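Chain and residue survey
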Amino acid sequence: MNSMTIQTAPTCDRPETLDDVALKAHIRGLIDRWGDKLVILAHHYQRKEIVPFGNFIGDSYYLSKMAAQQEKAEHIVFCGVHFMAESARILCRPEQRVYLPNLRAGCPMADMADDAQVDDAWEWLGQHIDTKKIIPVSYMNSAASLKAFCGANGGIICTSSNAEKAFQWAFARGEKVFFFPDEHLGTNTANRLGIPRDERVLFDPMHPPTDPRPFIKARVILWKGFCHVHTNFTVGHIEQARQNYPGIKIVVHPECKEDVVDRADAVGSTAFIAKYVAAQPAGSIIAIGTEINLTSRLADEYPDKTIFELSGQNCPLCVNMFRTTLGDLAECIENLGHKNEIQVPPAIARDARLALERMLELS
Ligand code: 13P
Ligand code: SF4
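Calculation criteria
Residues numbered from 1 in each chain as written. Chains lettered and ligands numbered in written order. Predicted model: local features only at pLDDT ≥ 70, side-chain atom pairs only at ≥ 80, totals over all residues. Heavy atoms only, no water. Near = heavy atom within 4 Å. Polar contact = N/O pair within 3.5 Å; in protein donor to acceptor, adjacent residues only side chain to side chain. Areas by Shrake-Rupley, 256 points an atom, 1.4 Å probe, with all protein chains shown as cover. Nonpolar A, V, L, I, M, F, W, Y, C, P; charged D, E, K, R; others polar. Pairing = 2+ DSSP bridges. Helix = DSSP H or I, 4+ residues; strand = E, 2+ residues; numbered from the N terminus. Contact = heavy atoms within 4.5 Å. Axes fitted to C-alpha atoms, helices over the stretch in contact; angles between N-to-C directions. Salt bridge = Lys/Arg side-chain N within 4 Å of Asp/Glu carboxyl O.

Ligand 1 sits among His43, Tyr45, Asp59, Ser60, Asn141, Ser160, His230, His253, Glu255, Ser269 and Thr270. Side-chain polar atom of serine 60 to an oxygen atom of ligand 1: 2.4 Å apart, as the coordinates give it. Between ligand 1 and serine 160 there is a distance of 2.7 Å, counted from an oxygen atom to a side-chain nitrogen or oxygen. Relative to its unbound accessible surface of 300 Å², ligand 1 loses 95% to contact with the protein. Across the shell around ligand 1, the residue classes tally to one nonpolar, eight polar and two charged.

Structural data, given as structure tokens:
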């Protein structure tokens, strides 16, 4: 074994303080008082101390499904990032109320496509291609207004767990897919569907194209956006891990670059990663290419397996997921009905819901 240090504990872990213990008891008390009028949804990347408060814990697909299915809840608190809470708001009933405990928790990748950029791109494409032949597919990691754009233009939403099905749905209805904002999920999906490279093209909103010919030829138009957490994983990390631990299993998220995805043993959503780890036999060594809080929690959950994050010395932390603290959660529940509520204008919600429901009908 060479000298690379593999961390089995994340650098963002810290010991529990007395304040944490008291806050947790306080939050439990608040939750008990609300009973089934309150539902908490927690994404896999939330801090370890937040996750146990989730009535439902999962990937963005599962949590959106759960948001749509709540019958008794009057209040839905989404421990995650803004686009997730917005999607829950769109999918739940109008009289239900949805909250994000820390309103600064956004997603930089979702912000890489805005309304004006997508409208401009669509208009430019329309000057050269009949846009009826183009089906817009937006990743869940996007603003509600872009989901509405998809709904209004015959398109669909996907998450990392159903991108292939969404592309197939789109190809059954049009000749081209216009996918935003994650270039890498789009590339990995096109690879899985066997779409030749010369039938794909990248749309860079920072440097809009002038030559329409590659777009006229392409079947897949990909937006140049990325997740700064997942694009940090490299082929070098995979080679190093395999060299250090022969027989190691490597599982990564499809927001990683294609060379990383191609060399991994398995790829899938955060829920897929959790299931994959659970299915490996005791004694397995598993490196995970995704956000550190999920990896760290899985390492705690399966002490009979050696589980570490693929990049070794980096701490692949999503600072936005990490923003939500116990204090935020407590304050949010204390002020239900008054603070931290997520609203979506009705016209946007109507079209976005159409696109989200098309996704929920996929499987
Ligand atoms: P999942 O849909 O796999 O939970 O992923 C969400 C996300 O933001 C990954 O970075
Ligand atoms: Fe967005 Fe990346 Fe964070 Fe996921 S991990 S919420 S894609 S910034």
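We now examine the sheet that holds strand 11 (residues 266-267). Across the sheet, four strands lie side by side as 11-10-12-13; this open sheet has parallel pairing. The outermost strands of the open sheet, each flanked by one partner alone, are strand 11 and strand 13 (306-309). Two strands pair when backbone bridges link them, and strand 12 (residues 285-289) and strand 13 are joined in this way by four bridges, in the parallel orientation. Its bridge partner being in strand 13, alanine 287 is matched across the sheet by phenylalanine 308. Running over the sheet, helix 12 (residues 292-301) touches strand 12 and strand 13 and is turned about 170° from strand 13.

This part takes up the pattern of salt bridges. Under the defined criterion, the tally for this structure stands at 14 salt bridges. With a shortest N-O distance of 2.8 Å, aspartate 300 and lysine 48 are connected by a salt bridge. Here the residue aspartate 300 occupies a position in helix 12, and lysine 48 occupies one in the loop between strand 1 (38-43) and strand 2 (56-58), the gap between them amounting to 252 residues. Between glutamate 164 and arginine 192 there is a salt bridge, and its shortest N-O distance comes to 2.7 Å. Highlighted residues: glutamate 164 in helix 6 (residues 163-171) and arginine 192 in helix 7 (residues 183-192), separated in sequence by 28 residues.

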